[in-house]
Amino acid sequence: MDRPLKINVIGGGPGGLYFSLLMKLNDSRHDITVYERNKPDDTFGFGVVFSDETLGNFMGQDPETYLKIRDAFAYWDEIEVRYRGERIRSGGHGFAGMSRQKLLDILQERCNDVGVHMEFETEIDDLEPYRDVDLVLGSDGANSMVRDAYKEMFKPTIDMRKTKFVWLGTTQQFDAFTFIFKPNEHGWFYNHAYQYGQGKGLAASTWILETHEDTWMRAGLDQSNEAETIAYFEDMFREELEGHKLLSNKSIWRNFPVVSNQNWYHENVVLIGDAAHTAQFSIGSGTKIAMEGAISLLKSIEEEGSISSALTEYQEKREIEISRLQRSAMVSLQWYENARRYNDLTPPQYAFNFLSRSKSVTYENLKLRDVRYGREVNSWYANLVRKEQGFDIPDDPAPPPMFTPYRLRDLVFQNRVVVSPMCQYSANDGTPTDWHLVHLGGFAVGGAGLVYAEMTNVSAAGRITPGCAGMYKPEHVEAWKRVTSFIHQNSRAKICMQLAHAGRKGSTKYPWHGEDEPLENGNWPLISASPLPYKEFNQVPKEMTRDDMDDVLDSFVRATRMAEEAEFDMIEIHMAHGYLLSSFISPVSNVRRDEYGGELVNRLKFPVEILKAVRSVWPNNKPISCRISATDWLDSGGLTGEDAVEVAKQLYENGCDIIDVSAGQTTPQAKPIYGRMFQTHLSEQVRLEAKGPTIAVGNITSADQVNTIVAAGRADLVALARPHLTDPHFTLKAAAHYGYTPQFWPEQYLAGKAQAERLAEQDNIRLQEILLANRPQSHSQ
């Protein structure tokens, strides 16, 4: 835009000041006034944190401001986790912290130098008198008056989260970003402590204390003033303070508001920073987001010919990045809300789980940042497996977590990789064909520890489509035995049969001819927990009677005996995805008024009957898994993660050895939150709260993710589906990538092993070069 603009900025925090500064530097003709309700030296909080990447971004906008900010920073490279008496450090992170007041001083000084007008101690209750300008910038924080004035247009959502927190400060300094997890007689407290520079070589630290509301109330902090809050924590953290005092600065307890807006602008009014979107302090800085938003808005104004088009572009370009940041921050925030579930983890695993909580930091990422820490992860995880499962695992070097063995009853898996069951719709009247032999045999020789056969139905009426596999006719046993024999003779993989009944989702076309659509002709009658069709165009199933239940139970028992005859190593009972047993568990599909409906304990009765009957005829030395949908992905009225924990407890108590934790597919109204490893948190919840083994599944795509999930204690086994379709030798490639030579390779594939190892070595060298090129630089003060 090549004309001077008149701009009113409501809110003189870092975002508003930085935008004003950059706009003036871009064109000195702009007439910009900042209105701030507080005094110039009046601020909340203590320090702000930036990463090296953020600092580099500032350098490109205004070198003079960057240099002033840089000289006021305290720098550190490590994160330290303190838990149950241990201190675990991970390096290579690159952070810088400075006093919030010092940052405001620098920005105010620079704004004054370039001619920005600043009006302090100005309380604005009515925005209309300030609208007669080209642009009004709402940078007035999470409790934004600007946003509230036009809330019908901005359409904000404010989600007040569960934990309580308070900002404090101290003269005590920390040489790492320090996270202290500490209990007392009232409960657990979580301390986010980081150093910040005050200029002239001076430094102090911010302490953010966070806790659960019940702990907060037991401690009497709901009745405490600032002085009493300080006294409480000076006593609790006297060892960590080492004689230093805590400081307050309008330090009141609050709940974090997750702010988002459907629209970021209305006419000539636009929001940035916390007024538009917040991200909890455990993963990012609101100051960073606000200042980066200022840069983005400036660029949009530079590039566009009108304010209207500039504001449209600003939201369109920035929205994806903000959505990503908020998702990561929400995952981190929820970690703290559920932090008590991690209390049984060992200190090293607790620290790794914490570091990898947001999904953006992974096993390989941490190893690249800090080779020493990466080796330690392999070592302590190997020790954990030795202690818990009794395996003799080498420690020099220790294997990556995914290549540690795992035992269920007498069955031992060579590694933690599982090939998920994937329907192929290629059976003839339930009988598997050559396609299944090649399909499943290829996965087995590809190195996975456990290979699932596809969903295999216990009766012809229990199929999804006419092409679905079955285990209900004598010829099925011999056909499946051909597959299991090949796998046992040519690999070290184990094979599991997933037994199921499709229920109300049965009698449909092959998915490539019309997913979930009924057959054109030849439909068979359906049964379910209740007479509710899956979709409007599907058949209405018959509500099962007790006789129907007995028939289905007998079918599961018969199929179990046949699976043993076919020499399967393990079986899984499918209780997920809206199929028959799932339809009993979910309140979405079970509206019965008898003993099998109503409360969860009643809805579980028939699935548990099936499990107990199957367990009674399946060999005692062989394990049984149950797949569940841990949530219906509904805002209300469906299964939740808390329900999944109760389901898992019942299944563990009645003979299930491991829970295969999936989610959804129980109702067309589901609203899944997709993303990488998007169901893993449910596996973690079941594993840690129901206290039993789990399999994680759901958009897990890489060996790095497998290692991260296993090492963090989020699952014991990790199942991948589609990645195996495109790369049946996923596990062999991973072994080459990590240099894990004990992984079994078929003799016929040994020539490929040497080549894979050479290529992996070249890839690792390139990764190291990239790491060195992007390693955070040391900063001179």
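Bear in mind that the values here come from a model prediction, so they are computed numbers and not experimental data.

1. So, the overall build of the protein
Here is step 1 of the chain: Within the protein, the secondary structure is distributed over 27 helices and 29 strands.
Here is step 2 of the chain: Relative to a compact globule of 781 residues, whose C-alpha radius of gyration would be 28 Å, the protein shows 30 Å and is just as compact.
Here is step 3 of the chain: Reported as C-alpha extents along the three principal axes, the dimensions of the protein are approximately 90 × 60 × 55 Å.
Here is step 4 of the chain: Counting across all 781 residues of the protein, residues that qualify as buried make up 60%.
Here is step 5 of the chain: The contacts in the protein between residues at least 6 apart in sequence include a share of 72% that link residues at least 24 apart.
Here is step 6 of the chain: For the protein, the exposed surface amounts to about 31,400 Å²; the carbon and sulfur share of it is 48%.

2. Focus on the side chain of Glu-684
Here is step 1 of the chain: When you line up the elements, Glu-684 lands in helix α23 (residues 680–691).
Here is step 2 of the chain: Polar side-chain contacts of Glu-684 include one of 3.0 Å to the side chain of Asn-353.
Here is step 3 of the chain: Glu-684 has contacts with Arg-341, Tyr-342, Asn-353 and Arg-714, leaving out every residue within four places of it along the chain.

3. Thoughts on the sheet that holds strand β8 (residues 117–119)
Here is step 1 of the chain: Judged by pairing direction, the sheet is mixed, and its six strands sit side by side in the order β8-β2-β1-β9-β17-β16 without closing on themselves. Either end of the sheet is taken by a strand with one partner, and the two such strands are β8 and β16 (265–266).
Here is step 2 of the chain: Sheet analysis places strand β1 (residues 6–10) next to strand β2 (residues 31–35), joined by five bridges and oriented parallel. The partner of Asn-8 across the bridge, within β2, is Thr-33.

4. Observations concerning the nonpolar core
Here is step 1 of the chain: In this structure, Phe-181, Trp-480, Phe-568, Ile-573, Leu-651 and Ile-659 are the most contacted members of the largest nonpolar core, which totals 136 residues.
Here is step 2 of the chain: Examining the composition of this core, we find that eight residues originate from one element, helix α18 (residues 546–565), more than from any other.
Here is step 3 of the chain: In this structure, Leu-107, Val-116, Ile-322 and Leu-325 belong to the second largest nonpolar core, which totals 49 residues.

5. Observations regarding the pairing of β2
Here is step 1 of the chain: For β2, the tally of buried residues reaches four of five residues, placing the bulk of the element in the interior.
Here is step 2 of the chain: Each parallel crossover has a hand, and the one from β1 via helix α1 (residues 14–26) to β2 is right-handed.
Here is step 3 of the chain: Sheet analysis places β2 next to β8, joined by three bridges and oriented parallel. Paired with Tyr-35 across the two strands is Glu-119, which belongs to β8.

6. Notes on the confidence of the model for the protein
Here is step 1 of the chain: Within the protein, residue pLDDT values average 94, and 97% of them lie at 70 or more.
Here is step 2 of the chain: Scored below 50 in pLDDT, residues 776–781 shows 15 contacts in the model against residues more than four places distant or in partner chains.

7. Observations concerning the environment of Val-706
Here is step 1 of the chain: Within the fold, Val-706 resides in helix α24 (residues 703–711).
Here is step 2 of the chain: Residues Val-706 and Ile-88 lie 618 residues apart in sequence; the distance between their C-alpha atoms is 22 Å.
Here is step 3 of the chain: With sequence-adjacent residues up to four places away left out, Val-706 is seen in contact with Met-402, Val-417, Ile-700, Val-718, Leu-720 and Phe-730.

8. Describing the packing of aromatic side chains
Here is step 1 of the chain: Overall, the coordinates contain 46 aromatic pairs when judged by the stated rule.
Here is step 2 of the chain: The interplanar angle of 10° and the centroid separation of 4.8 Å between the aromatic rings of Phe-177 and Phe-179 together place this pair among those described as stacked.
Here is step 3 of the chain: Assessed through its relative accessible area of 9%, Phe-177 is described here as buried.
Here is step 4 of the chain: Positioned over the ring face of Phe-354 is Arg-357, at 4.0 Å from the centre of the ring.
Here is step 5 of the chain: If you follow Lys-505 out to its NZ or CZ, it ends over the ring of Tyr-534, 4.5 Å from the centre.

9. Re the packing of helix α10 (residues 286–303) against helix α11 (residues 307–337)
Here is step 1 of the chain: It is the contact of α10 with α11, at a shortest axis distance of 8 Å, that shows an interaxial angle of 150°. Between α10 and α11, the interaxial angle falls into the category roughly antiparallel. Note on packing geometry: the crossing formed by α10 with α11 is right-handed. Seen from α10, the contacting residues are Ile-289, Glu-292, Gly-293, Ser-296, Leu-297, Lys-299, Ser-300, Ile-301 and Glu-303; seen from α11, they are Ala-310, Leu-311, Glu-313, Tyr-314, Lys-317, Arg-318, Ile-322 and Leu-325.
Here is step 2 of the chain: In terms of residue class, the contact of α10 with α11 is made up of eight nonpolar, three polar and six charged.

10. Considerations on the environment of Ala-613
Here is step 1 of the chain: Its place among the elements puts Ala-613 in helix α21 (residues 605–617).
Here is step 2 of the chain: The contacts of Ala-613, once residues within four sequence positions are left out, are Leu-553 and Val-557.

11. Structural notes on the sheet that holds strand β20 (residues 417–419)
In a beta sheet, neighbouring strands pair by backbone hydrogen bonds and run either parallel or antiparallel.
Here is step 1 of the chain: Sheet architecture is closed into a barrel: eight strands sit in the order β20-β21-β22-β25-β26-β27-β28-β29, paired in parallel fashion. Along the sheet, successive strands turn relative to each other by an average axial angle of 30°, direction set aside.
Here is step 2 of the chain: For strand β25 (residues 570–575) and strand β26 (residues 624–629), the ladder comprises five bridges, and the chain directions are parallel. Bridge pairing in β26 places His-574 opposite Arg-627.
Here is step 3 of the chain: Against the sheet, helix α16 (residues 474–490) makes contact with β21 (450–457) and β22 (494–500), and its axis sits at roughly 155° relative to β22, the strand it touches most.

12. A short note on the pattern of salt bridges
Here is step 1 of the chain: In total, this model carries 54 salt bridges according to the counting rule given.
Here is step 2 of the chain: A salt bridge links Arg-70 to Asp-71; its shortest N-O distance comes to 3.4 Å.
Here is step 3 of the chain: Given a relative accessible area of 23%, Arg-70 falls into the partly exposed group.
Here is step 4 of the chain: On the accessibility criterion, Asp-71 (37% relative accessible area) is partly exposed.
Here is step 5 of the chain: For the salt bridge of Glu-475 with Lys-473, the shortest nitrogen-to-oxygen distance reads 3.2 Å.
Here is step 6 of the chain: Look at Glu-475 and you get partly exposed, because its relative accessible area is 40%.
Here is step 7 of the chain: We classify Lys-473 as partly exposed; its relative accessible area is 22%.
Here is step 8 of the chain: Sharing partners across several salt bridges, the network here consists of Glu-78, Glu-80, Arg-82, Arg-89 and Asp-175.

Cut-offs used in this document
- Residues numbered from 1 in each chain as written.
- Predicted model: local features only at pLDDT ≥ 70, side-chain atom pairs only at ≥ 80, totals over all residues.
- Heavy atoms only, no water.
- Helix = DSSP H or I, 4+ residues; strand = E, 2+ residues; numbered from the N terminus.
- Rg over C-alpha atoms; globule rule 2.2 N^0.38 Å.
- Buried < 20%, exposed > 50% of the residue type's maximum accessible area, 1.4 Å probe, protein only.
- Contact = heavy atoms within 4.5 Å.
- Areas by Shrake-Rupley, 256 points an atom, 1.4 Å probe, with all protein chains shown as cover.
- Polar contact = N/O pair within 3.5 Å; in protein donor to acceptor, adjacent residues only side chain to side chain.
- Pairing = 2+ DSSP bridges.
- Core = buried A, V, L, I, M, F, W, Y, C linked by side-chain atoms within 4.5 Å.
- Right-handed = clockwise from strand over helix to strand, strands pointing away.
- pLDDT = per-residue confidence, 0-100.
- Phe/Tyr/Trp six-rings, centres within 6.5 Å; stacked < 30°, edge-to-face > 60°.
- Lys NZ or Arg CZ within 6 Å of the ring centre and 35° of its normal.
- Axes fitted to C-alpha atoms, helices over the stretch in contact; angles between N-to-C directions.
- Parallel < 35°, antiparallel > 145°, perpendicular 65-115°, else oblique.
- Left-handed = near helix turned anticlockwise from the far one by under 90°.
- Nonpolar A, V, L, I, M, F, W, Y, C, P; charged D, E, K, R; others polar.
- Salt bridge = Lys/Arg side-chain N within 4 Å of Asp/Glu carboxyl O.

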